[in-house]
Amino acid sequence: MVQFSGYFHRSEAILLGLMLYAFWFPIEMRINWLWLLGTVPIFILVRCLIHKRLFTRFPLDMLFIILIGLMLFNLRAAPYHRDAWILGRPLFGMALCVFAVEHIRQYANSRAWLVVTMLLVLLVGGLALFSSQWNTKSDQLRFIIDALPRVTGFPGAETGFNANEIAGALTWLVPFSAGAALAAANSKHRWMNLLLRLGFGAGFVMSFMALFLGQSRFGLLGVLIALAALTPAVFRRWRWRSVAWAALLALGILEILIIHNVFSPAKLTTQIERDEDSLSARLEIWNSALEIVRDYPLQVSG
């Protein structure tokens, strides 16, 4: 049974690796691989037979179940868009998370997943920094952007990645990579710890630089708040805490200066005016959505 359990676990890893590759591509190519998700319940049932559990409990499991329920309700209630393929990537992400928890429980070792996460941070940070489609919000930082190497031609994103969209991923990865890079050393695995520190450190630098250059206002605000809250957990001495908070405060002041167009010619539209126009359009969209909900509450079309 132990040997079969090992084969089963490796088979699930291979399948998820194939799905990870397939789900990278845009929907025109990804839709042909969505059937792979149908094998996930089979693995869950086999796991139940081997280990007498559907999955290992972890802090996010109930939230995942609630999210699945909301997605199915939304799919049923949506009058114009009922294509089930839109659930593909969220469901795959949940399956990957469940597998990671099972792997850590079975082998009592999280280092492999830390390395995988480190590589993910480096990949996303590198793509964001060297392959983003920079927009007018970044004009004041154009002298930095123009000095960066440019890498494009990825399937589905031949001209690069939208800076605002990739900022959504960076807001999660930047605080995590900062915490991982500054975590206390593990004396039993010094070389692994050094690798993780250097890798997460490089990922943090690239990711934060890309986020700052992209000038996603709410993304930057969230990251600065998260880093400020994280500081006491990673720095024990008040001296280093003060230095970290001072650096974050300086970045906040720099961002305020950029918002007020301090570093650009006066003829350019100020960031405040641009943000006001953007916010006004968003408020109109949100207000229209609320009016639809009020007029048709929980209406499920036939």
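We now turn to the structure provided with this report.

Cut-offs applied
Residues numbered from 1 in each chain as written. Predicted model: local features only at pLDDT ≥ 70, side-chain atom pairs only at ≥ 80, totals over all residues. Heavy atoms only, no water. Helix = DSSP H or I, 4+ residues; strand = E, 2+ residues; numbered from the N terminus. Buried < 20%, exposed > 50% of the residue type's maximum accessible area, 1.4 Å probe, protein only. Contact = heavy atoms within 4.5 Å. Areas by Shrake-Rupley, 256 points an atom, 1.4 Å probe, with all protein chains shown as cover. 1 Å grid on protein atoms, 1.4 Å probe; cavity = no way out; pocket = protein on both sides within 12 Å on 5 of 7 lines; lining within 4 Å. Points joined across faces, edges and corners; volume = space filled by probe spheres on them. Nonpolar A, V, L, I, M, F, W, Y, C, P; charged D, E, K, R; others polar. Expected span 1.5 Å × (residues − 1). Phe/Tyr/Trp six-rings, centres within 6.5 Å; stacked < 30°, edge-to-face > 60°. Axes fitted to C-alpha atoms, helices over the stretch in contact; angles between N-to-C directions. Parallel < 35°, antiparallel > 145°, perpendicular 65-115°, else oblique. Left-handed = near helix turned anticlockwise from the far one by under 90°. Patch = residues over 30% accessible without salt bridge, like charges linked within 9 Å, V, L, I, M, F, W, Y side chains within 5 Å. Salt bridge = Lys/Arg side-chain N within 4 Å of Asp/Glu carboxyl O. Polar contact = N/O pair within 3.5 Å; in protein donor to acceptor, adjacent residues only side chain to side chain.

Okay, the overall build of the protein chain next. Helix and strand counts for the protein chain stand at twelve helices and two strands. When the elements of the protein chain are put in sequence order from the N terminus, they spell out α-α-α-α-α-α-β-α-β-α-α-α-α-α. Buried positions account for 35% of the 302 residues belonging to the protein chain. For the protein chain, long-range pairs separated by at least 24 residues make up 66% of all intrachain contacts whose partners lie at least 6 apart in sequence. Split by element, the accessible area of the protein chain, about 18,900 Å² in all, is 70% carbon and sulfur.

If a probe as big as a water molecule is rolled over the atoms, it shows which places are left empty. What the largest pocket holds in volume is close to 2,300 Å³. Along the wall of the largest pocket there are 45 residues; nearest its centre are L20, L96, L120, V124 and A169. Those elements that place two or more of their residues in the lining of the largest pocket are α1 (2–22), α4 (61–77), α5 (88–107), α6 (111–130), β2 (161–162) and α8 (163–181). Grouping the amino acids of the lining of the largest pocket by side-chain chemistry returns 35 nonpolar, seven polar and three charged.

For the rest of this paragraph, the subject is α6. With 20 residues, α6 extends 28 Å between its outermost C-alpha atoms, agreeing within 8% with the 28 Å of an ideal straight helix rising 1.5 Å per residue. The set of residues buried in α6 consists of W113, V115, M118, V121, V124, G125, G126, L127, A128 and L129. On its buried face, α6 sits against α5, β1 (132–133), β2, α8 and α9 (190–214).

What follows covers unusual backbone geometry. For K52, which is not glycine, the phi torsion reads 65 degrees and is therefore positive. Mapped onto the fold, K52 is located in the loop between α3 (40–51) and α4. Notably, Q215 is not glycine yet its phi reads approximately 55 degrees, a positive angle.

Applying the stated rule across the entire model yields six aromatic pairs. Arranged with centres 5.8 Å apart and planes meeting at 70 degrees, the rings of F58 and F64 form a pair that is edge-to-face. Here the two residues F58 and F64 agree in accessibility, since each one is buried. For the pair F99 and W113, a centre-to-centre distance of 6.0 Å together with 70 degrees between the ring planes defines the contact as edge-to-face. Pair noted here: F99 is in helix α5 and W113 is in helix α6, with a separation of 14 residues, a long-range link.

Quick look at empty space enclosed by the protein now. Tallied over the full model, the rule gives one cavity of 30 Å³ or more. A volume near 30 Å³ is recorded for the largest cavity. Considering the residues around the largest cavity, the lining is formed by F8, H9, E12, R47, H51, R53, E102 and Q106. Every element with two or more residues in the lining of the largest cavity is listed here: α1, α3 and α5. By residue number, the principal contributor to the lining of the largest cavity is α1, which donates three residues. Considering only residue class, the lining of the largest cavity consists of one nonpolar, three polar and four charged.

The terminal C-alpha atoms of α5 lie 28 Å apart, and with 20 residues this matches the ideal 28 Å at 1.5 Å per residue to within 8%. Following α5 by one or two positions, A108 has its phi on the positive side, about 50 degrees.

Bringing the packing of α6 against α9 into the picture now. If you want to describe how two helices pack, look at the angle between their axes and the distance between the axes. In the contact formed by α6 and α9, the axes pass within 8 Å of each other and the chain directions differ by 30 degrees. By the angle class used here, α6 and α9 are roughly parallel. The chirality of how α6 crosses α9 is left-handed. Partitioned by chemical class, the residues of the contact of α6 with α9 number 18 nonpolar, six polar and one charged.

The next point concerns a nonpolar patch on the surface. On the surface, L60, L63, I66, L67 and L70 cluster together into a nonpolar patch covering about 460 Å² of accessible area. Structurally, the position occupied by L63 is in helix α4. The exposed category is assigned to L63, whose relative accessible area is 52%.

Moving on to the side chain of D61. Relative to the assigned elements, D61 resides in helix α4. Among the polar contacts made by the side chain of D61, one reaches the side chain of R57 at a distance of 2.3 Å.

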